[in-house]
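Report on the structure
Below, each chain spelled out in residue letters.
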Amino acid sequence: MEDAQGGTSDFISIRGIDVVYGEGENEVLAVTEASLTIREGEFVAVVGPSGCGKSSLLKVVSGLHPVRKGSVKVRGEEVVRPVKICGMAFQNATLLPWRTALDNVLLSLEISEDYARDFNRKRREYREMAMELLSIVGLVDFASKFPWELSGGMQQRVSLSRALIHQPRLLLLDEPFGALDAFTREDLWAVLQRLWLELRPTVILVTHDLREAVYLADTVYVFSPRPGRVLSRTEIDIPRPRNLETTFETDFHERVNSLRAQISRPAAV
Amino acid sequence: MKERKNIVIPTTITIGFFVLWEIACRLLHIDVFILPQPSTIVASIWQHGSVIVDHSLQTFMTTMLGFVLAVVVGLLLGMLVGASPAVYNGIYPIMVGLNSIPKVAIVPILVIWFGIGTVPAVLTAFSIAFFPIMVNVATGLVTMEPELKDVLRSLGATKSKILWKVGIPRSMPFFFASLKVAIGMAFIGSVVSETIASNSGIGFLMMTASARFDVPLVFAGLFVIAIMGVGMYEFFAVLEKRVTFWAQRGNELVV
Ligand SMILES: Nc1ncnc2c1ncn2[C@@H]1O[C@H](COP(=O)(O)OP(=O)(O)O)[C@@H](O)[C@H]1O
Ligand SMILES: [Mg+2]
């Protein structure tokens, strides 16, 4: 795709992919014939019924799982191994219980090659970077707390910070707020939007919450039941920053309802 | 305040146990050859003090040697086995099979190979103690959350880096929990070996005492074994709490 400047604007290009698990009789076709094109800096949400291959999509984009058919390109390059430019967060915050919040965030820098090289020399600088992120997510006062001393929502904030500290160009989120109560979840929508507006990574957010998708995303893809294929692509042009007020507007509701209609249609067959 | 309470109840029960024992022996006039009273046993310990200390030290050294060997081998094998689920599943049946052999049965073989004395005792202690350590370390490694592995791999982490940064620290609570069990087992191993094939150690002392019908001394040996066992267990229990404090509280309980 050519953009106005004449360069290629496709940050991620997924063409007709099949994703398969297992072999022979146990073979499971998780995703089939899926194609998506994602711009640099775009916030994409993927919704669909449970087991339709949403997590699998993230796995092939990050290079953690191969595709059976079709191609996945990130920045024009075929993905054949872990892409290393991404941060990930999951429903389960998976923090390391022996590390404080701050040290959990720093983990990414200890591992990511570009940063790990200078870790000891730049320790101070890295700590400041981590503290800055923790302050964006509202956790400066909790930097030295251990995970068990944090609420579920706070743990998820730390997890998001860990996913972003190494300034990844790609952020992959797999139902990150799925286990949180409604109020905490809505708080975290605002936190995530703020992070995205400041750092501008490309985001793929997997969620089963349609309000979450509409609140956060530029583009929402709806997947069919397994084997997952792309049923629709919807652009959400509600201006940013969006907030809780936005979610009460009719415009917002209409979009949520139209997405819901697309999801329940195949299920009704 | 809470700590206090935790000590009071077990202490009362322990003292009560010995008092009951003493009273029962006296009231029922139980023969000292059948079951000596605690006071008689303590007197025997006092009387044979230096001999008991010598043999206890021997047993302690044997146990420690076997235990240290078990820790080294258990850690290494545990890491190897836990490094991949495939190895874990493949090697597990053999390990369980080997472990189910009663260790008393290998003492005669060790005697053929190494003669009577300290070496078979150390090796018996080792052979019982390394298994729980290995299994625990391996389990700690293979039970790492797959999501966490994905996070690390997507950052470009190598296997050894994942092991070092996450796998090993994560398996530490499993490791320290296993030390408590392993030290007791090493102790059993060395005492058993001493009773069969040695000329020193608490096990040997008990055998000779029983040959002389010195029943109080046999029980004195038991007392000493129990005290040493409790002491070593407590030591590793405290160490575990100190080192892996993060696994002992809240809902993040790992073990
Ligand atoms: N590691 C795996 N091995 C075998 N099957 C898997 C594996 N991961 C996912 N699957 C299967 O692939 C399908 C899609 O899974 P997933 O991508 O996790 O769906 P979603 O995230 O949309 O719930 C499911 O049917 C699931 O059972
Ligand atoms: Mg999923």
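Residues numbered from 1 in each chain as written. Chains lettered and ligands numbered in written order. Predicted model: local features only at pLDDT ≥ 70, side-chain atom pairs only at ≥ 80, totals over all residues. Heavy atoms only, no water.

**Topic: the confidence of the model for chain B**
Residue and element names in this part refer to chain B. Looking at chain B as a whole, the pLDDT averages 87, with 95% of positions reaching at least 70. Mean pLDDT values over the elements of chain B span from 83, in helix H4 (residues 85–99), up to 93, in helix H3 (residues 49–82). Low pLDDT (under 50) marks residues 250–255, which in the prediction has 13 contacts with non-local residues, meaning those over four places away or in another chain. For this predicted complex, the interface confidence comes out at an ipTM of 0.85, alongside a pTM of 0.83. (pLDDT = per-residue confidence, 0-100. Helix = DSSP H or I, 4+ residues; strand = E, 2+ residues; numbered from the N terminus. Contact = heavy atoms within 4.5 Å.)

**A word on the domain arrangement of chain B**
All names here are of chain B. With domains assigned, chain B is organised as domain 1 (1–30) and domain 2 (36–246). Distance from the C-alpha centre of domain 1 to the C-alpha centre of domain 2: 29 Å. Listed as interface residues are five residues of domain 1 and, on the opposing side, seven residues of domain 2. Of the roughly 500 Å² buried between domain 1 and domain 2, counting both surfaces, carbon and sulfur atoms make up 66%. On the domain 1 side of the interface with domain 2, the three residues burying the most area are Phe18, Trp21 and Glu22, jointly 73% of the side's total. In this assembly, domain 1 and domain 2 are joined by zero salt bridges. (Domains from an automatic or database assignment. Buried area = accessible area lost by both parts, 1.4 Å probe. Salt bridge = Lys/Arg side-chain N within 4 Å of Asp/Glu carboxyl O.)

**Notes on the pairing of strand S2 (residues 28–39) of chain A**
The pairing of strand S1 (residues 10–21) of chain A with S2(A) spans eight bridges and is classified as antiparallel. Bridge pairing links A:Ile14 to A:Leu36 in S2(A). (Pairing = 2+ DSSP bridges.)

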